[in-house]
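Residue-level listing of the chains:
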Amino acid sequence: MDTTDADNSDVNEIYSVDEKDYLLFVNQHEPQLKFNNIPELFWKCLCLKLKNQIFDAGNTFSMFYVENDESEDDNGTLQTKVIVSTDFIDITDGNHIYLIDHAWTFKANEAKHHLREVSGLLERMSKLVNVPLESENAIEEVYNRIWKFNQTYSCSALSNIEDQLPVWYVMDEFGSAIQHSDCPNFRVVPFLHIPEGIAYSVLFPIKTVKRNDDVTRDYVESITDDLERKARLIPWKEISLRNIPFTQTEPAEEYFSSGRRNESLPNLSALIPKDTNGTVPDTKPLKVFSQYSFINENLTSSKFSVVTDEKDADILWLTSHFKQYKEFSEEFPAKFINQFPFESVITIKDLLAIICRRKTDNFSGFNSRFESQPNWLPTTFNLTTELTKFVSYFQHRQDENLNNHWICKPWNLARGMDTFITDNLDCIIRLSSSGPKIAQKYIENPVLFHRDGIGSVKFDVRYVILLKSVDPLEVYVYKNFFLRFANKPFALSDFDDYEKHFTVMNYTETATLHRLLCSDFIREYNIQYPEKKWHEVEPKILTMFGEVFESATSKNPPCGIGKNPQSRALYAADLMLSKKENGEVEPKLLEINWMPDCQRACEYYPDFYNDIFELLFLDEEKDVFHKVA
């Protein structure tokens, strides 16, 4: 731990902060200071210490190992603690705020790579978490234990979504030694020093303390519910939640709209009557305003014309979320829009799981102790609202020696961003603190596809789904589906190996994208699986899609997709195939995507958008579609 020779009480006598510098510091950092509830009493001293890089905690605190029979926790990690070594720390003394350096900063999916490649890091971290460096699996052991030590923050002010992803960090040995208490006497919070672009942690008292008092902080200080606190403290305490029922219930209506942007419903009486087919009878080409370049480039049907001013358009195809359906229906009653009210119930992952579970006899979600329903939905828990249920379910599966690998995903991100696969409960609990996530049972027995020169790899299937109407329900599936393949043979190991366990290679610069038309895939699939050919599998997929949309429209907004004669929509559904013990193949729905990338569809099938627009807006059904509802 770095220290200065100065006693903390004399810091302000040795160093000084110009008033202009302090005002600039406050101007740059006030939102952070207030968000982290750092009392204004400490602001000037914090400014001074950051400016002069004063790491003087060693003058006020001492750190040592606990020397008793309980010197190791249940996972073998040596216990260290910090005590007050000065006579007295007065909570009203603004000098008692301390900088803590960060020993390691990383994105979670980079952690093992850092441990392998960054010089000296594995050695330092192995000492911190008490893993012998000579251990054969040192990297894996350090990675599994690091979740007891790491913290997280994100920079939501950044414009690039990838830059906003959670950043994890491990404090230096001093910061990592501060122990938990439900009644702490200090707080530790992250702080980004903007002029440097460097994050630190800051330590400050919330109680007056005296010499030899333990320095403690609350590891889960924002959590007040007793059961949730127990769940979130599991990385540091051995706690069983097996007595908690893990059956799932549908949340109240308020959940579907809480924390989400309000949207209005259309004024149905304001709409211009359409003919019996639901279209506006007109012999002229329908004018299309689109914010999506591939529509503008590939919509070539003479029945439509692309315009550059949305005021002139009959059809608006927007790539930004639309919410003002009431206003739109009253101001533009003859226009179409490419979105439905409250379609987020299928495009946001936590809501999708809820509406899918409606396809059960009761909403418990389980037809036996460990098998969730419906069969085509992987067991899914919301780690914000169902964490205790998830922990109970995880611990019960653990007791039965069942596979316990889970994939943790943010509610509303795509392309595999901030997504992790693990069977480490500590890791899952800690990941849930970095933003809203679901935990979905990882498919450990996927149907694989043999690639020449590589072996049997994971693959997923993407279908384009068209929602033409909610009442009556009209749903179509584009027959030409799309394939995505992993680049390495599948095995239940090396879960940080992206090209082994993930299939989305479009956005990874170093990965090879394997392309295969669905017709070629079907031919090869039937050779590889002659006992369960594609014509036996696909009907299950189409039935699944029909059930999803039946569930999604079975309740009124905000619990379901809203009726709107002006609305038409295109989604992409991603699924995998799972092989049951009896050899049966069943689809597993992974997610439904809003505003999917259709570049590949246009390249493979030049009439892609012509066919879709003629179906959605002119009611011209063609043999390239399955009607599933």
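Within every chain, residues take consecutive numbers counted from 1 along the sequence as written. Given that the model is predicted, a residue must reach a pLDDT of at least 70 before its local features are reported, and side-chain atom pairs must reach 80 or more before they are shown or counted; all residues, however, enter totals for whole chains, interfaces and linings. The side-chain numbers reported here are obtained from all heavy atoms of the structure, hydrogens and water having been left aside.

Quick look at the sheet that holds strand E15 (residues 315–317) now. Should DSSP find at least two bridges between two strands, the strands are regarded as paired. Put simply, DSSP H or I for four residues or longer makes a helix, DSSP E for two residues or longer makes a strand, and each gets a number counted from the N terminus. Ordered in space as E14-E13-E15-E16, the four strands form an open sheet in which the pairing is parallel. The strands lining the two open edges of the sheet, one partner per strand, are strand E14 (304–306) and strand E16 (336–337). Relative to E16, E15 runs parallel, the two sharing two bridges. Among the inter-strand pairings, isoleucine 315 is bridged to a residue of E16, identified as phenylalanine 336. Seen against the sheet, helix H20 (residues 608–618) touches strand E13 (286–290), E14, E15 and E16 and runs at an angle of roughly 130° to E15. Residues are treated as being in contact if the distance between any of their heavy atoms lies within 4.5 Å. For helices, the fitted axis covers only the stretch in contact; all axes are lines through C-alpha atoms, and the angles between them, taken along N-to-C directions, range from 0 to 180 degrees.

Turning next to the sheet that holds strand E17 (residues 380–382). A sheet is described by the order of its strands in space; here four strands give the open sequence E17-E20-E18-E19, paired in antiparallel fashion. Where the open sheet ends on each side, the last strands, each with one partner, are E17 and strand E19 (420–422). Going from strand to strand, the sheet's axes swing by 25° on average, the running direction of each strand aside.

Most of strand E5 (residues 102–106) is tucked away, with four of its five residues classed as buried. Where E5 lies against strand E7 (residues 167–171), four bridges are found, and the strand directions are antiparallel. Among the inter-strand pairings, histidine 102 is bridged to a residue of E7, identified as methionine 171. Throughout, exposure labels follow a simple rule: accessible area from a 1.4 Å probe, protein chains only, divided by the maximum for the residue type, with under 20% read as buried, over 50% as exposed, and the rest as partly exposed.

What follows covers the pattern of salt bridges. By definition here, a salt bridge exists when the distance from a side-chain nitrogen of Lys or Arg to a carboxyl oxygen of Asp or Glu is within 4 Å. Counted by the stated rule, this structure contains 42 salt bridges. Its salt-bridge partner being aspartate 56, residue lysine 49 comes within 3.0 Å of it at the nearest N-O pair. Both residues of the pair, lysine 49 and aspartate 56, belong to the buried class. With its nearest N and O atoms 3.3 Å apart, the salt bridge here joins glutamate 263 to lysine 323. Taken together, the residues glutamate 263 in the loop between helix H9 (253–257) and E13 and lysine 323 in the loop between E15 and helix H11 (325–331) connect sequence positions 60 residues apart.

It is worth stressing that arrangement in space is one thing and function is another; only the former is reported here.
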